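Secondary and tertiary structure notes
What follows is the residue order along each chain.
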Amino acid sequence: MMKINLNCLFPVAALIILIYTLSNQLFDVPPLGKILNPFIGVIQNDQDKYLNDNYLKENNLGLSDSVSVFFDQAKVPHIYAKNIEDLYFSQGYVTAILRLWQMDFTSYVSAGRLSEIFNGENYLQYDRNQRRMGMLEAAKRSLFLIEKNPETKKILSAYTRGVNAYIKRLNYRTLPFEYKFLNYTPEPWSNLKSVLIMKLMGNTLSGYEKDMDMSRLMLILGEKKFNLLYPDFHSNITPMVDYSKRKPRSVFNAAKRPAYLNFSFISSISSKPKVLFNRKLGSNSWVISGKKTKSGLPILASDPHLNFALPCVWLQMQLSAPGLDVYGVSIPGTPSIIIGFNKNIAWGITNGADDVKDWYKLQVNGDYKTYKLGDKMVKLDSRIEEIKRKGQKSFFDTIYSSKHGPIVNDNRFFSQRELIDYAMKWELATPSNEFLTFIHINKAKNYREYKESLKYFSCPIQNFTFACNDGTIAVNHQGNMAIKYNSQGRFILDGSTDSSLNTKYIPLDSLPQQVNPKCNYLVSANQHPTDSNYPYYYNGYYSENRANQISKMLAEESKFDINKVEKIQLDNTNSFAVVALPIILKKIDKSNLNANQKHLYDLMKSWDCSYNFNSEIPKMFEWWWSNIKNLTWDELTKYPFPLVNPDDYILLNLIETDPTNIFFDKLNTSKKEIASNIIFEAFIKASNDYFKLKNKGNVKWGNLNRVNFLHLTKIPAFSKLNIPCAGYPEAINAISNSWGPSWRMVVQLGNVPTAYGIYPGGQSGNVGSKYYDNFINDWGHGKYYHLNFYPSIGEARAGAKNTLLLK
């Protein structure tokens, strides 16, 4: 008879008791017993059976026919279905396998529901702001429109059924780790959740505005100085679409101060507002005609710049069914491919950067019952939003709306004090069906079909680049562009009238667009979509440096191949520094420098303006130029509220053409400074800081430019932090510490497309998976992976490392 070893029994018993004791949540601490349980807890989250098992079969899913899913070496799923409905069902199912918690959590973020997951007043404040901006309401209104379209409703509903089919198969053991850690479970997926995710992306790309800043600057500076420092256009731009040969129009005249605008009209609150949106988020995409490539075939490049996150914002896949065969990246939680290619076309997307959000100053009655409109007091609409809270009673928030839009900030709640009782008009709130654009683009075979697909895309305004294997290349600035009078939307608007409410849009055929230009390439990089000859007024927050550099590099070469295009994507040159450095160096009297400063001066003179990993000069230039800006624009810091500085090119133009301008004269000094004085003082200060940094160790840019890939919960253990990288926000390789190229793709069309790409992350959203962040190091070193676009199911089967059969 076997004798039981009691010495072994006690530790096992103790473990069982510990697990039992800790399997209930105490206060805000997750139920550690369940998490640590070896049979159902976190240890089960490193299994990755879908990505490791050679062959899996799952039955009774509700499909009309079988679907084959082949995972290649990079764990990219290639989904082959026999009909469209099963294809999108399977896309939902596979996306849930790989990214369920990410897509679910993102829908909570968008809807303003974080208080259901986390305790804390900050989460309630966030949720209230989201509801007041109307994110949930906008998604509901768009869903109503979307489901009127039979094609979209069928595809979106199939995707939802696929996600729910996977959710139904889960138990605690197989739950994604974040659900265990945060102690909640996934609710059923819905079509609304998919719309919320699309709205959140629109929010990220169209939320930026500076109406209050521009209003204050107009009042402080007056019309002449305002137009000098903040013009709609300056001379250092490379517009996406060239209208220079058209008859000049007068819609972009100098801005006039609106008659109603004075300091008693706008808020004088001096608190520093929260920066809720990043104006630098953008992207690069360009397309080269076969007339400029070695193969004679078009090449398209695309690298959207978004916030770095884990799991990655994108998910690679191939979707194949009768009439559809497409490869690219999707947004987890939404059907179809967003950026990618099929057998006939390729397309990329960049942010249009147009201003589509306006603020209206209202005259509101103290009890929020009415507001003034014309010569009458008109009733404010209201709705009550229930915000559910974890472990607490629901919070009920009353939100008021005028004809202009919702009042986001009032006397009971404000995220921006200076905008209390202002109504927000945001194009994102207009019902739209962007899904249909991507559903149709995915199967488009030529420019006509692609162009027809774009008409459904409304907001955010985006630039679509296009290439076709028939040789056509094109670019389209697409979305709802309101017809505006000169400077409309740059300043706070008067909400006591409806005369400034936009009611019409620029016709589709008049939106900025170009096909097959004589130069044989097109560039989109968040720059001005047109020059000032465009016949309609618009305004926005455009970035010119990357477009200038891409255009320069494309113009200099006549025969491109994929390798050369990849090198352009990875170019670290700051094109502004290329222009600025010779100008400001000339303003320095070298005889006034000491030996070390002279040596540094010479190093800067020979610098190629690249922010490469081993470059030692970038930090010096950054400090020098920042000091020049701070010393020049000190007049803008004397007010009780923060103001935005003019564009760097405006300052550079003043240095070159008007060096005695009054803005170079520092406040609080008896001496009258000019540009050269400012530049010299800025150099000395920057060089002192530079030498201090160099004495401490390493001034190589790669060691200073550290990148963080934060998990969506911001928990460091699930993140990848402090990664040294080359690149610079204003370079083509636009890497900052928290955002940058979220997907690099280069496609050469032909009988079978040849494509390469990579994103910083991995295919899996499972924090315990080796495929969670396995692309990041290669991405940081500028490597690309071959994208396996399989023209047939037989080739996909032959290339598969894992197979999943859905019955």
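Criteria and cut-off values
- Residues numbered from 1 in each chain as written.
- Predicted model: local features only at pLDDT ≥ 70, side-chain atom pairs only at ≥ 80, totals over all residues.
- Heavy atoms only, no water.
- Buried < 20%, exposed > 50% of the residue type's maximum accessible area, 1.4 Å probe, protein only.
- Helix = DSSP H or I, 4+ residues; strand = E, 2+ residues; numbered from the N terminus.
- Pairing = 2+ DSSP bridges.
- Core = buried A, V, L, I, M, F, W, Y, C linked by side-chain atoms within 4.5 Å.
- Contact = heavy atoms within 4.5 Å.
- Expected span 1.5 Å × (residues − 1).
- Bend = angle between axes of the 7 residues up to and from the residue.
- Polar contact = N/O pair within 3.5 Å; in protein donor to acceptor, adjacent residues only side chain to side chain.

1. Digging into the pairing of strand β5 (residues 299-307)
In summary, the side chains of a regular strand alternate between the two faces of the sheet. Buried residues dominate β5, accounting for eight of its nine residues. Two strands pair when backbone bridges link them, and strand β4 (residues 283-288) and β5 are joined in this way by six bridges, in the antiparallel orientation. Opposite serine 283, over in β5, you have proline 304 as the bridge partner. In this sheet, strand β25 (residues 744-748) lies alongside β5 in antiparallel orientation, the contact comprising four bridges. Bridging across to β25, serine 302 finds its partner in methionine 745.

2. Overview of the nonpolar core
Ranked by internal contacts, the top residues of the largest apolar core, which has 207 residues, are Trp314, Phe621, Trp624, Ile628 and Ile655. Tallying contributions element by element places helix α4 (residues 84-111) first for this core, with 15 residues. Those residues in contact with tryptophan 314 that lie beyond four places of it in its chain are Arg99, Pro304, Leu306, Val329, Ser330, Ile331, Pro332, Ile338, Ile339, Ser742, Trp743 and Tyr759. Counting 17 residues, the second largest nonpolar core, distinct from the first, contains Val523, Ala525, Val746 and Tyr784.

3. A look at α4
For α4, spanning 28 residues, the distance from its first C-alpha to its last is only 29 Å, which falls clearly below the expected 40 Å at 1.5 Å a residue. At arginine 99, α4 shows its largest kink, close to 95°. Capping the start of α4, asparagine 83 holds a side-chain oxygen 3.3 Å from the backbone nitrogen of glutamate 85, two or three residues further along.

4. Considering the environment of phenylalanine 466
Here phenylalanine 466 is to be found in strand β17 (residues 462-468). Its relative accessible area of 0% is what places phenylalanine 466 among the buried residues. Considering only alpha carbons, one finds phenylalanine 466 and glycine 112, 354 residues apart in sequence, at a separation of 35 Å.

5. Remarks on the pairing of strand β1 (residues 55-58)
Of the two faces of β1, the one holding Leu56 and Glu58 is buried and the one holding Tyr55 and Lys57 is not buried anywhere. Inspection of the sheet shows β1 paired to strand β28 (residues 802-806) by four bridges, in the parallel sense. Paired with lysine 57 across the two strands is leucine 805, which belongs to β28.

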